[in-house]
Amino acid sequence: MPEGGGTLETAARAKTGPKPMISVRHLRKVYRIGDEKVVALADINLEILKGQVVCIVGTSGSGKSTLLNQLAGLEKPTRGSVYIGKTNISRLSENQLAIFRQRFLGFVFQSYNLLPTMTALENVSLPMIFKGVSKSKRNKASMAMLAAVGLKKRAHHKPTQMSGGQQQRVGIARAFVSRPKVVFADEPTGNLDTRTTIDVMRMMVRFARRYQQTLIIVTHDPEIADYADRVITLIDGAITSDVTHTPIYDGTADADSLPPESALPEEPKLPEGPIPTEEEELPLPPDDEPLILPDDGDAPCAPPPAPAAAEEEKGELPI
Ligand SMILES: Nc1ncnc2c1ncn2[C@@H]1O[C@H](COP(=O)(O)OP(=O)(O)OP(=O)(O)O)[C@@H](O)[C@H]1O
């Protein structure tokens, strides 16, 4: 059983193999509330490949959401780094992170998070507005995506006029429409029944296969893991198993029914080099400051120490 993606890492380094999309090194996250210290993530090392469908599983409190938040740059680490492509996102400022997320990442939420005043079409269009896509192209792409999730006739309905499963399908169309490099889904089926869960899982896998996107799903539900190429189990903030297997639904055959790439906005290109940071040392967001232990080893968010630091400083992947 490969620990920390060892086998995959080796495969990734083969010239013909898929490239690493996410690379995590010595990631640690500690929260403190009052006198209590919670080590949510101990020392995570991980490599996730382009196009991989990964499930992160574990019991309540094992650190799943914390890991997802770290991978998506939603929270700063206490120590260590997360690279997406060649960008060390742990070193980006909040503004840079917001732009990076908008351009390259997609999100599917347990509670759908659709804007209630907007129609399904407008909700799906939203990520493209931030990318400067023209209105006619946005409408065309959103309609194509709504058709792909079986909701063409609901395009002008608002979230309150749709079932939970339908809302989640809109959420999936919204997450994938601007062709993000990685889509993160935190308990995407947590509020859905069994039949809808299957539909939603198959849909997400199909999109990920069609557009070669990396899909990372956090779940309590062991059956969701059956859809993944790889299942990572956390216990008490540490990876205790990291297994690759053949998913029950491949999605590739059905992927041909999805919109052609020409119907969607152009695929965004990850930066070739490191994004210049505004600060040499990342300041923590003010809200996090009271939660970080000053005595937890390194200064919060300081880059990992040498020996491999030279490359880290440049923000490059160790490949
Ligand atoms: N903002 C926070 N402040 C303090 N402690 C936190 C915070 N977020 C998470 N924790 C703690 O970190 C640990 C991991 O939490 P996390 O939410 O990542 O677990 P989880 O596996 O996603 O759990 P669940 O399945 O219940 O959502 C828990 O002990 C939790 O109480």
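The written sequence of each chain sets the order in which its residues are numbered from 1. Local features are withheld for residues below a pLDDT of 70 in this predicted model, meaning they are given only at 70 or higher, and side-chain atom pairs are given and counted only at 80 or more; totals for whole chains, interfaces and linings count all residues. Computation of side-chain values: all heavy atoms of the structure, hydrogens and water removed.

Turning our attention to the sheet that holds strand 2 (residues 36-49). Note on pairing: two strands pair once DSSP finds at least 2 bridges between them. By the criteria applied, helices consist of DSSP H or I runs no shorter than four residues and strands consist of E runs no shorter than two, each listed in order from the N terminus. In space, the 4 strands of this open sheet follow the order 2-1-4-5, with antiparallel pairing throughout. The sheet is open, and its two edges are formed by strand 2 and strand 5 (87-88), each paired on a single side. Both strand 1 (residues 20-33) and strand 4 (residues 79-84) contribute to a ladder of 5 bridges, which runs antiparallel. When the sheet's bridge partners are listed, Val24 is paired in strand 4 with Val82.

Attention shifts here to the pairing of strand 2. A regular strand places its side chains so that they alternate between the two faces of the sheet. For strand 1 and strand 2, the ladder comprises 10 bridges, and the chain directions are antiparallel. Opposite Arg32, over in strand 2, you have Lys37 as the bridge partner. Remark: 2 residues form the turn of the hairpin made by strand 1 and strand 2, two consecutive strands paired antiparallel; Gly34 in that turn has positive phi of roughly 60°.

Within the secondary structure layout, Gln166 lies in helix 6 (residues 164-177). Throughout, exposure labels follow a simple rule: accessible area from a 1.4 Å probe, protein chains only, divided by the maximum for the residue type, with under 20% read as buried, over 50% as exposed, and the rest as partly exposed. By relative accessible area, Gln166 is classed as buried at 15%.

With mixed pairing, 6 strands are arranged side by side in an open sheet as 6-7-8-3-9-10. Looking at strand neighbours, the two that pair on one side only are strand 6 (105-109) and strand 10 (238-244), the edges of this open sheet. Recorded for the sheet is a direction-independent mean angle of 15° between the axes of neighbouring strands. When strand 9 (residues 230-235) meets strand 10, the two strands line up antiparallel, connected through 6 bridges. Axis definition: a line fit to C-alpha positions, over the contact stretch in the case of helices; interaxial angles, taken between N-to-C directions, run 0 to 180 degrees.

A few words on helix 7 (residues 194-210). Multiplying 1.5 Å by the residue count of a helix minus one yields the expected span of that helix. Over its 17 residues, helix 7 runs 24 Å from end to end, which matches the ideal 24 Å to within 8%, given 1.5 Å per residue. Among the 17 residues of helix 7, 12 are classified as buried, and the element is accordingly described as predominantly covered. Regarding helix 7, the residues found buried are Thr196, Thr197, Val200, Met201, Met203, Met204, Val205, Arg206, Phe207, Ala208, Arg209 and Arg210. Regarding helix 7, its N-cap is Asp193, as a side-chain oxygen of that residue lies 3.3 Å from the backbone nitrogen of Arg195 further along. Positive backbone phi, at 50°, marks Gln212, one or two positions downstream of helix 7. A 3.5 Å cut-off defines polar contacts: any pair of N or O atoms within that distance qualifies, except that in protein one atom must be a possible hydrogen donor and the other a possible acceptor, and neighbouring residues in sequence count only when both atoms are side-chain atoms.

Our focus in this paragraph is the packing of aromatic side chains. When the centres of two rings from Phe, Tyr and Trp lie within 6.5 Å, Trp using its six-membered ring, the rings pair. Their planes under 30 degrees apart give stacked, over 60 give edge-to-face, and anything left gives tilted. Counting across every chain of the model gives 5 aromatic pairs. Relative to Tyr211, the ring of Phe207 lies with its centre 6.3 Å away and its plane at 20°, an arrangement referred to as stacked. Side by side, Phe207 and Tyr211 carry an identical accessibility label, which is buried. An aromatic cluster is defined as three or more aromatic residues linked by ring pairs; in this entry it consists of Phe107, Phe109 and Phe184.

Bringing the nonpolar core into the picture now. Residues belong to one nonpolar core when they are buried, are Ala, Val, Leu, Ile, Met, Phe, Trp, Tyr or Cys, and are joined through side-chain atoms within 4.5 Å. Ranked by internal contacts, the top residues of the largest apolar core, which has 46 residues, are Leu146, Phe176, Met204, Phe207 and Ile217. Looking at this core, the elements with two or more residues in it are strand 3 (53-57), helix 4 (120-129), helix 5 (135-148), helix 6, strand 7 (182-186), helix 7 and strand 8 (214-219). Should any heavy atoms of two residues lie within 4.5 Å, those residues are counted as being in contact. In contact with Leu146, not counting residues within four places along its chain, are Ala120, Leu121, Val124, Leu151, Lys152, Ala155 and Val170. Core analysis: the second largest hydrophobic core is formed by 31 residues, Ile44, Leu67, Leu68 and Val218 among them.

The next thing to look at is unusual backbone geometry. Phi is positive for Arg179, which is not a glycine, with a value near 55°. Following the sequence through the fold, Arg179 ends up in the loop between helix 6 and strand 7. The backbone of Gln212 sits at a positive phi, close to 50°, despite the residue not being glycine. Mapped onto the elements of the fold, Gln212 is located in the loop between helix 7 and strand 8. Classification of Gln212 by relative accessible area gives partly exposed; the value is 45%.

What follows is about the site of the ligand. Any residue with at least one heavy atom within 4 Å of a molecule or strand is counted as near it. If you check the shell around the ligand, you find 13 residues, and the closest are Ser60, Gly61, Lys64, Ser65 and Thr66. Residue Thr66 places a side-chain N or O atom 2.6 Å away from an oxygen atom belonging to the ligand. For the ligand, an oxygen atom lies 2.9 Å from a polar atom in the side chain of His220. Ranked by the residues each element gives to the shell around the ligand, the list is headed by helix 2 (residues 64-71), at 3 residues. The nonpolar class holds Ala, Val, Leu, Ile, Met, Phe, Trp, Tyr, Cys and Pro. Asp, Glu, Lys and Arg form the charged class, and all remaining residues, Gly among them, are polar. Across the shell around the ligand, the residue classes break down as 4 nonpolar, 8 polar and 1 charged.

Most of helix 4 is tucked away: 8 of the 10 residues are buried. If you check which residues of helix 4 are buried, you get Ala120, Leu121, Asn123, Val124, Ser125, Leu126, Pro127 and Met128. The secondary structure elements touched by the buried residues of helix 4 are helix 5 and helix 6.

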